[in-house]
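Each chain, letter by letter, is given below.
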Amino acid sequence: HPFFFNFADIILLPYYHHFLSNNEYKAYHKKAVYFPFAVADDIVKIEDNSIKKERVVISGSISSHYTFRQALVNFSKNSPYLDYLSHPGYSSLSHNIIGMNYYKHLSGYLAAISTSANKPLNYPVMKYFEVPGCKVVPLFENNFYLNDLGFQKNKHFIEINFDNYKKIINPKLLSD
């Protein structure tokens with residue numbers, strides 16, 4: 001509840017722009033500080049897996065908020081190059097590829113995809129940091145936050161979108 005923000009001197013927010021666009025929090029905008037995600041310490045400890053699957057992986061929830069991710073998961077069903085790792089859930093886990101197991105799983109691929117939610121929730125989720133941290137080619141759905149975070153297209157990531165994903169998800173292309 002926003003009432004709890006009364007007790008804070010500053011509010012650290014990875015979803016800063018979204019917070020500022022929400023009128024419910026207008027009284028707290030001056031306390032808001034942009035505090036983006038970062039690469040977790042556990043990721044840095046992973047040794048580079050030089051033997052990588054010549055494949056691309058996408059992971060996460062495929063709820064209605066993730067239209068592009070849904071399209072990619074549907075594409076993965078017939079793609080020889082794209083694997084989907086489902087979201088494990090929050091209470092009773094459907095698989096144990098979480099935490100360090102998740103980072104090791106990602107690091108075994110040539111590339112991994114990070115997508116954001118539909119607008120207005122199109123902020124970079126933690127995957128935007130986990131993927132490059134796992135030393136795989138980052139394929140990112142672009143959004144305006146990435147520039148704020150210092151990610152430059154074709155330097156730090158390859159943009160993937162509805163128009164190019166069938167071409168981009170190609171290990172021969174990505175190996176270069």
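Remember, it's a predicted structure, so these values are computed and weren't measured experimentally. (Residues numbered from 1 in each chain as written. Predicted model: local features only at pLDDT ≥ 70, side-chain atom pairs only at ≥ 80, totals over all residues. Heavy atoms only, no water.)

J.: Help me understand the pattern of salt bridges, please; the structure alone is not making it clear to me.
T.: For side chains of opposite charge, pairing can occur when their charged atoms come near one another. All told, the structure shown has 2 salt bridges when counted by the stated rule. One salt bridge connects D83 with R55, and the closest N-O pair in it is separated by 2.3 Å. Of this pair, D83 sits in strand 4 (residues 82–86) while R55 sits in strand 3 (residues 53–60), placing them 28 residues apart in sequence. Its salt-bridge partner being E159, residue K153 comes within 3.1 Å of it at the nearest N-O pair. The partly exposed category is assigned to K153, whose relative accessible area is 46%. For E159, a relative accessible area of 19% corresponds to the buried category. (Salt bridge = Lys/Arg side-chain N within 4 Å of Asp/Glu carboxyl O. Helix = DSSP H or I, 4+ residues; strand = E, 2+ residues; numbered from the N terminus. Buried < 20%, exposed > 50% of the residue type's maximum accessible area, 1.4 Å probe, protein only.)

J.: Honestly, the sheet that holds strand 7 (residues 158–159) in this entry has me stumped. Any pointers?
T.: Adjacent strands of a sheet pair through backbone hydrogen bonds, lying either parallel or antiparallel. Strand order across the open sheet formed by 5 strands is 4-3-5-6-7, with parallel pairing between neighbours. A strand with exactly one partner marks an edge of an open sheet, and here the two such strands are strand 4 and strand 7. Where strand 3 lies against strand 4, 5 bridges are found, and the strand directions are parallel. When the sheet's bridge partners are listed, V57 is paired in strand 4 with D83. (Pairing = 2+ DSSP bridges.)

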